[in-house]
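# Descriptive structure summary
Here is what each chain is made of, one letter per residue.
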Amino acid sequence: MANLTKDKRFKKDYSKRDIIDYLKGIEKILGRVPSSRELKNFPGPAPSTVTRRFRLWSNALKEAGMRPQTHQLLTGERSFIRMNWREMTDKEIANKLGVTEVVIKYYRMNYNLWKNRKGTSKSTYRKRAFKLYGEKCEICGIEICEWHHIKPKSIDPKDWCILCPLCHAVVTKKLIIINNREDLKSKLMPFIKEAYKAIDF
Ligand SMILES: [Zn+2]
């Protein structure tokens with residue numbers, strides 16, 4: 001029996017089309033996307049034949065219209081979840097995307113953990129801060145920078161600034177106390193200029 005299967009594999013030169021149909025058939029039998037190892041349980045092309053034809057196992061699955069990973073979200077799926085999680089249950093979303101329900105639950109937990117109390121994610125504010133104040137340190141102009149809250153956790157852009165890690169450290173280590181954006185120019189800037197006076201800004 002095992003010999004016969006092996007023989008068949010060597011005799012036939014499987015085309016991409018053959019392999020795609022074969023994968024779809026196995027999916028139907030198993031009721032889920034097959035793993036490459038599971039292919040050995042069925043007569044037909046070997047896992048190595050599939051990867052030889054498609055270069056990657058995941059490419060073969062993609063071309064067969066199957067999802068390579070059911071425990072991980074792909075690009076665009078996060079926003080799909082956010083747009084639909086009020087109207088659809090986790091189970092419905094999971095079925096629609098072809099992932100397990102726990103992936104949706106995990107994403108919700110992750111999102112709730114990092115969004116602030118007003119219901120907007122931290123990353124949205126972070127993007128807004130860089131858009132407003134640029135992607136350079138507002139003091140020294142270097143393009144390695146971080147988002148700083150002048151007032152901790154504030155969601156008011158007036159309480160934000162963009163600083164490089166060095167200028168940021170001057171503030172967080174309280175060498176200079178900053179209470180508002182005006183203090184950036186009047187207090188932090190002179191301090192940094194003095195500290196770096198040998199360097200051209
Ligand atoms: Zn700086």
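Look up: the structure comes first, before these words.
Now for a look at the structure at hand.

Conventions used here
- Residues numbered from 1 in each chain as written.
- Predicted model: local features only at pLDDT ≥ 70, side-chain atom pairs only at ≥ 80, totals over all residues.
- Heavy atoms only, no water.
- Donors = N, O, S within 2.8 Å, 3.2 Å for Na, K, Ca; no water.
- Tetrahedral: all angles 85-135°; square planar, octahedral: opposite > 155°, others 65-115°.
- Buried < 20%, exposed > 50% of the residue type's maximum accessible area, 1.4 Å probe, protein only.
- Axes fitted to C-alpha atoms, helices over the stretch in contact; angles between N-to-C directions.
- Helix = DSSP H or I, 4+ residues; strand = E, 2+ residues; numbered from the N terminus.
- Left-handed = near helix turned anticlockwise from the far one by under 90°.
- Contact = heavy atoms within 4.5 Å.
- Nonpolar A, V, L, I, M, F, W, Y, C, P; charged D, E, K, R; others polar.
- Polar contact = N/O pair within 3.5 Å; in protein donor to acceptor, adjacent residues only side chain to side chain.

On to the coordination of the zinc ion, then. Taken together, C137 (SG), C140 (SG), C164 (SG) and C167 (SG) make up the protein donors of the zinc ion, found 2.2 to 2.3 Å from the metal. One can describe the donor arrangement at the zinc ion as tetrahedral, given that its 4 donor atoms subtend angles of 103 to 119° at the metal. All donor residues of the zinc ion come from one chain, and their arrangement in sequence is C-x2-C-x23-C-x2-C. Each of the two residues, C137 as well as C140, counts as buried.

Helix packing for two helices is described by the angle between their axes and how far apart those axes are. Orientation of helix α6 (residues 90-97) relative to helix α7 (residues 101-114), taken along the N-to-C sense of each, is 115°, at an axis distance of 8 Å. Crossing hand, α6 versus α7: right-handed. Residues D90, K91, I93, A94 and L97 of α6 form the contact with α7, whose own contacting residues are E101, I104, K105 and R108. Considered class by class, the residues forming the contact of α6 with α7 number 4 nonpolar, no polar and 5 charged.

It is worth spelling out the side chain of R67 at this point. Structurally, R67 is set in the loop between α4 (57-63) and α5 (77-84). Here R67 falls in the buried class, since its relative accessible area comes to 10%. At a separation of 2.8 Å, a polar atom in the side chain of R67 contacts the side chain of E77. A distance of 3.1 Å separates the side chain of R67 from the backbone oxygen of L97, its partner in a polar contact. When neighbours within four sequence positions are excluded, R67 is seen to be in contact with V33, L61, Q72, L73, L74, E77, L97, G98 and V99.

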